[in-house]
Amino acid sequence: MLKLPGQATAAWAVFEAGWYRAAYPDACAGLADADDAAVLQFYLEHGQRRGHSPNLWFDEAWHLRTFRGAAAAVRDGHAESGFDTYCRAGFRFRSPHWLFQETQYRLRYPDLRDEVLAADGNVNGYDHFLKHGSREGRIGHMLFDPAVYRAQLDAAEREQADTAGAYPHYLRRLWEHRADVVTSHYFDPIWYLRRYPAVAEAIAGGRWLCALHHYLTNETPTAFDPLADFSEAYYLGRHKDVAAAVEAGDRRNGYEHFLANGIAELRAPCATIDLRYYLTAHPSVRSDLDSGHTRDVFAHCVTIGREQGLATILPPEDQVTERQAAALNRQRADNRLPRSARTMLDFSCAGTPEVSVILVLRDRFPLTLMTLGSLRANHGGDIELIVIDAGSTDDTRRIGRFVRGACVLRFEAGLDPISGANAALNCASADAVLFMDSALELAPGALAASLQRLRSDLRIGAVGGKLERAHGWLEAAGNIVWRDGTTLRYLRDASPLAPEANFVRDVDFCAATFLLVRADLLRELEGYDESFAAGRYADADLCLRIAEAGSRVVYDPAVAVSRLVQIGADPEPADAQQALLRKHANLLRFRHAPDRRAEVFARSTATARRVLFIDDMIPLRKLGSGFVRSNDLLHVMASLGYGVTVYPMKPCRHGLATIYADMPDTVEVMHDRTSEQLADFLSARQGYFDAIWIARTHNLDRIKPKLERITSGGGQPARIVLDTEAIAALREAEHAALTDAGSFDVDAAIKREFANAHVCQRIIAVTSQEAQ
């Protein structure tokens, strides 16, 4: 495909002889008097094998380092060069240059469909970018924004950049070794060179073209921060899932994840910026985002927010660590002791109790009273309280003086929590038994919600809930047991508001920090297996046995509890994982292998089909119009047992209370996402959905390119269902008839409206006329 100017089909396949001579002067020493065709011939016969790039638009060395398949093809003699592999097939999906991302460019601009590109004579996205996109101000890489780049240039250079395109202008500027300039709000070259003087020296020595070139191509990408407002060490240290992805080679560094996903997920980029706080504390930020004044909340923070002096983090006097929160809770518990001494907590039962609550105690008397006060205030029904004193040395030994109606069993010697819980089972008389930690605070209605969930289906054997740590972050939203017997706290360190944490689902296990179990099932299983020490493996074993007995273990976010103190690592024996694996090998062999990418699959044990429901907005009934019907559809899907995820194309302008009050509790509602993050969402959940239900035809037009890029990756594609909601062409025809607008071609209008409907396996219409 490589040709001289005027001969090539693709813009990136033009051989620039003048540039080639300047880039490789030693190799071209004998070609000073040769014409351009001879230089091209030299490249084809010798330059390729020497690792030369054919032009300014393709970086051979970077391409071979980045794409191992291309490097292997050259090494094994199947291709002459990385550029050769790119011409053969790589141009369809691989990036040719460190400053352009083919896949992201196509996803960023859905109008660049395959048929549109082909009709205009473009062979791929990069071809379009070089011919048109760069001059149109389109972005080919997050770290190069034509608008930001133009603002750094003088009038003469801006005119040149507008003529040639900002991207070609910048690349030529680099090869001319001119001063570094800012190209994006997401990268600060001046700060970068000050922070890393050795890089500045290497650039001066000719090893790198500029700061951005070094940052995007160096061999230790996690060793460098792109700007003062992002810390690789902080980001990878705080977000273990990202660190695992980087270690596995799925991400180049933490910043790559932050730009692609982390900003949308409002992850903190450094210790001095809390994006969630920044967005919620300043109403003007949401207004600027909705009006399009800035691309995202991070860009707003480092530009508009900095100019306006907006706070980027909770004031120091309002911040608390988990350790500080635990200390405050202990102080609160101590402060309540005088009142607790004079106010008896009453757990007397007039009849058969609704629930038997088991607490295994060892000291922590003030926190225990605080927990019992929260329990008693949380539920007005009869609670049978069974307390196991496992060798306390403080006032816990006299718990009966402060709690009326409790059954207290004392053990002088130390007793492990598992044996204590089993001993308490002999005293339980209710149909449901609640295992509960002695340092918890229950959210309003938590106990009632767990009892209601347990009673809702006889197949449910146990119910657990959303467990928050002392400082407010999640400890777990259900737990996973992997195929090898290891366990994972799902969504640990995430926000309790995360969509993934706020829908009901069947899980491998919930922690006995707060676990409600049917009493008859517990007795049938003979309680806990005392060969496991207290901790996750004991809880996992109990819940796996509940599943093997044919019952469900359900996670319900309405059952929310907060720890009052900081906890350390679980005291698990070294062989606990192997013991769990041996005991449940037959069940676990069907579980997922440990992999962060499999978490979304492993978070639920349900086998129901999964549906992605895409609409303009989260379909609340108060919005009226077709959203009432969409809301009805969601309730029907949920009632049929489907696992439904709702994804809005537009930002949500309603509070979370309004949203969740209108949604079935088994539906996952992506209230913090929009169309901007849809491509990344689909990519992260590739293979997860059995069907994608697209409400309204115009949404199909918007997301079709994203669907094509995801479904082209192989595997069983999701069934795509188009829900027309209403056929606009028929409405337009009626309007034309009412206004005497002349003849209206209904067939042509319908063809335009459904131009992309061929990608769908089903089309839904509301009326028989529209179906026809």
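Every value quoted in this text rests on a predicted model; they were computed, and no experiment measured them.

J.: I would appreciate a short explanation of the overall build of the protein in the present structure.
T.: Looking only at helices and strands, one finds 37 helices and 20 strands in the protein. When the backbone C-alpha atoms are referred to their principal axes, the protein occupies close to 105 × 75 × 55 Å. Within the protein, counting contacts between residues at least 6 apart in sequence, those at least 24 apart form 73% of the total. Distance from the positive charge centre (88 side chains) to the negative charge centre (101 side chains) of the protein: 2 Å.

J.: Is there a simple way to explain the nonpolar core in this structure?
T.: When a protein is soluble and globular, its nonpolar side chains tend to lie buried together. Judged by nonpolar contacts, the single largest core of 89 residues is most densely connected at Trp12, Tyr167, Tyr170, Tyr255 and Phe298. Within the second largest apolar cluster, 47 residues are counted, among which are Ala428, Ala462, Val481 and Tyr490.

J.: What's the story with the pattern of salt bridges in this structure? I'm lost.
T.: A side chain with one charge can pair with a side chain of the opposite charge if their charged atoms come near. For the structure shown, the criterion picks out 49 salt bridges. A salt bridge links Asp229 to Arg306; the shortest N-O distance between them is 2.7 Å. Separated by 77 residues along the polypeptide, Asp229 in the loop between helix 14 (211–217) and helix 15 (232–238) and Arg306 in helix 20 (residues 297–308) bring together distant segments of the chain. For Arg306, a relative accessible area of 47% corresponds to the partly exposed category. Measuring nitrogen to oxygen at the nearest pair gives 2.7 Å for the salt bridge that ties Arg696 to Asp615. Of this pair, Arg696 sits in the loop between strand 18 (691–695) and helix 34 (697–711) while Asp615 sits in strand 15 (residues 610–615), and the two are 81 residues apart along the sequence. The same class applies to Arg696 and to Asp615, which are both buried.

J.: Can you help me understand the packing of helix 27 (residues 536–548) against helix 28 (residues 576–583) in this one?
T.: In helix packing, the relevant descriptors are the interaxial angle and the interaxial distance, both defined with respect to the helix axes. Viewed as axis vectors pointing N to C, helix 27 and helix 28 meet at an angle of 10°, and their least axial separation amounts to 10 Å. On the basis of their axis angle, the class for helix 27 and helix 28 is roughly parallel. Here Tyr537, Ala540, Asp541, Leu544 and Arg545 of helix 27 come into contact with helix 28, specifically with Ala576, Gln577, Leu580 and Lys583. Looking at side-chain class alone, the contact of helix 27 with helix 28 contains five nonpolar, one polar and three charged residues.

J.: Just to check I follow, could you spell out the packing of aromatic side chains for this structure?
T.: Working definition: an aromatic ring pair is given by the centre-to-centre distance plus the angle between the planes. A complete count under the given rule lists 45 aromatic pairs for this structure. Between Phe230 and Tyr255, the ring centres sit 4.6 Å apart and the planes meet at 55°, which makes this aromatic pair tilted. One end of the pair, Phe230, is in the loop between helix 14 and helix 15; the other, Tyr255, is in helix 17 (residues 254–262), with 25 residues separating them in the sequence. Here the two residues Phe230 and Tyr255 agree in accessibility, since each one is buried. Here Tyr255 and Phe258 contribute two aromatic rings whose centre-to-centre distance is 6.1 Å and whose plane-to-plane angle is 20°, an arrangement assigned as stacked. On the criterion of helical spacing, the pair formed by Tyr255 and Phe258 is a turn pair, its members being three residues apart in helix 17. Tyr255 sits in the buried class, given a relative accessible area of 1%. By the ring-pair criterion, three or more aromatic residues cluster together here, those being Tyr186, Phe187, Trp191, Tyr192, Tyr196, Tyr215, Phe224, Phe230, Tyr235, Tyr255, Phe258 and Phe298.

J.: For this particular structure, what's the right way to read helix 13 (residues 197–204)?
T.: Because an α-helix completes one turn every 3.6 residues, residues spaced three or four positions apart along the sequence face the same direction. Residues Val199, Ala202 and Ile203 constitute the buried set of helix 13. For helix 13, the buried positions fall inside an angular range of 100° around the axis, keeping them on one side. Seen from the buried face of helix 13, the exposed residues on the opposite side, beyond 90 degrees, are Ala198, Glu201 and Ala204. Those residues of helix 13 hidden inside the fold are in contact with helix 12 (189–195) and helix 14. Two residues or fewer past helix 13, Gly206 is found with a positive phi of approximately 90°.

J.: Please clarify how the state of the cysteines should be interpreted in this entry.
T.: Here a disulfide denotes a covalent bond joining the sulfur atom of one cysteine to the sulfur atom of another. Enumeration according to the criterion identifies zero disulfides in this entry. Residue Cys407 stays outside any disulfide, its sulfur separated by 4.1 Å from that of Cys427, the closest cysteine.

J.: What exactly am I supposed to notice about the sheet that holds strand 17 (residues 668–669) here?
T.: Ordered by their spatial adjacency, six strands build an open sheet running 17-16-15-18-19-20, and the pairing between neighbours is parallel. Either end of the sheet is taken by a strand with one partner, and the two such strands are strand 17 and strand 20 (762–764). Relative to strand 16 (residues 643–648), strand 15 runs parallel, the two sharing six bridges. Bridge assignment links Phe613 to a residue of strand 16, and that residue is Val646. The strands touched by helix 31 (residues 626–639) within the sheet are strand 15, strand 16, strand 18, strand 19 (719–723) and strand 20, with strand 15 carrying the most contacts at an inclination of about 170°.

J.: I'm lost on the pairing of strand 15 in this one. Help?
T.: Of all the six residues making up strand 15, six are buried; the element is thus mostly covered by neighbouring parts of the structure. Here strand 15 shows two buried faces, one formed by Arg610, Leu612 and Ile614 and the other by Val611, Phe613 and Asp615. With helix 31 bridging strand 15 and its parallel neighbour strand 16, the resulting β-α-β unit is right-handed. The pairing of strand 15 with strand 18 spans four bridges and is classified as parallel. Looking across to strand 18, one finds that Val611 is bridged to Ala691.

J.: What's the story with the environment of Asn329 in this structure? I'm lost.
T.: The residue Asn329 is located in helix 21 (residues 322–335) in this model. Sequence separation between Asn329 and Ala470 is 141 residues; the distance between their C-alpha atoms is 8.2 Å. Setting aside its immediate chain neighbours within four residues, Asn329 contacts Leu367, Met370, Ala470, Arg563 and Leu564.

J.: Where do I start with the packing of helix 10 (residues 155–164) against helix 11 (residues 166–175) in this structure?
T.: For the pair helix 10 and helix 11, the least separation of the axes is 6 Å and the interaxial angle reads 120°. Here helix 10 lies oblique to helix 11, going by the angle between them. Taken together, the residues of helix 11 that come into contact with helix 10 (itself represented by Glu157, Gln160, Ala161 and Ala164) are Ala166, Pro168, His169 and Arg173. Among the residues forming the contact of helix 10 with helix 11, the class breakdown is four nonpolar, two polar and two charged.

What counts and what doesn't
Residues numbered from 1 in each chain as written. Predicted model: local features only at pLDDT ≥ 70, side-chain atom pairs only at ≥ 80, totals over all residues. Heavy atoms only, no water. Helix = DSSP H or I, 4+ residues; strand = E, 2+ residues; numbered from the N terminus. Contact = heavy atoms within 4.5 Å. Lys, Arg positive; Asp, Glu negative; His and termini not counted. Charge placed at Lys NZ, Arg CZ, Asp CG, Glu CD. Core = buried A, V, L, I, M, F, W, Y, C linked by side-chain atoms within 4.5 Å. Buried < 20%, exposed > 50% of the residue type's maximum accessible area, 1.4 Å probe, protein only. Salt bridge = Lys/Arg side-chain N within 4 Å of Asp/Glu carboxyl O. Axes fitted to C-alpha atoms, helices over the stretch in contact; angles between N-to-C directions. Parallel < 35°, antiparallel > 145°, perpendicular 65-115°, else oblique. Nonpolar A, V, L, I, M, F, W, Y, C, P; charged D, E, K, R; others polar. Phe/Tyr/Trp six-rings, centres within 6.5 Å; stacked < 30°, edge-to-face > 60°. Arc of directions from axis to C-beta. Disulfide = S-S within 2.5 Å. Pairing = 2+ DSSP bridges. Right-handed = clockwise from strand over helix to strand, strands pointing away.

None of the figures reported here should be taken as evidence of function without further support.
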